[in-house]
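Tertiary structure, described
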Amino acid sequence: MPGLLSVQGENYRWKTEPDSSEVLFKAQSSEQPPRKMLVHISSHLQSKFDASKTLKEQNQHAITPVIASDLITQAIKQGWRSRETPMEFDANDKGVITKRPNHH
């Protein structure tokens, strides 16, 4: 389900999409020509989202607005700018993201 939230004074649209092996978290500015960020979260992770269930078992609803805000904040700290180049990240089992290497 898409959501809208404010992070560091900017409004973002975000959503999650389940896949067979991961949950994709997508966010973009709601006000400018958007440049998306994409976080790949392995669906088998037992993470900070809910240690008792995997993300696949939780059917991606484990990504709350608070966690969405945290993921966007982490991406901004790692150089993502919503009006510039899209970026992709991977999340570990603690919910910490790292930038994916560029694929040409």
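Summarised in this report is the structure supplied together with it.

What counts, and where the lines are drawn
Residues numbered from 1 in each chain as written. Predicted model: local features only at pLDDT ≥ 70, side-chain atom pairs only at ≥ 80, totals over all residues. Heavy atoms only, no water. Buried < 20%, exposed > 50% of the residue type's maximum accessible area, 1.4 Å probe, protein only. 1 Å grid on protein atoms, 1.4 Å probe; cavity = no way out; pocket = protein on both sides within 12 Å on 5 of 7 lines; lining within 4 Å. Points joined across faces, edges and corners; volume = space filled by probe spheres on them. Helix = DSSP H or I, 4+ residues; strand = E, 2+ residues; numbered from the N terminus. Contact = heavy atoms within 4.5 Å.

Next up on the list: unusual backbone geometry. In terms of backbone geometry, most residues other than glycine have negative phi values and most peptide bonds are trans. Here the phi dihedral of Gln 8 falls at roughly 50 degrees; this positive angle occurs in a residue that is not glycine. A relative accessible area of 57% means that Gln 8 is categorised as exposed.

Each pocket or cavity is described by its volume, and for the largest pocket that value is around 200 Å³. Around the largest pocket sit 11 residues that line it, and Pro 86, Met 87, Glu 88, Arg 100 and Asn 102 are the ones nearest its centre. If you list the elements that add at least two residues to the lining of the largest pocket, you get β4 (37–42) and β5 (87–91).

Turning to the environment of Met 37, a few remarks are in order. Counting through the fold element by element, Met 37 comes out in strand β4. On the basis of relative accessibility, which here comes to 0%, the residue Met 37 falls in the buried class. C-alpha of Met 37 to C-alpha of Leu 71: the two residues are 34 residues apart in sequence and 9.7 Å apart in space. When near neighbours in sequence (up to four residues on either side) are disregarded, Met 37 contacts Phe 25, Lys 26, Ala 27, Leu 71, Ile 72, Ala 75, Trp 80, Met 87 and Phe 89.

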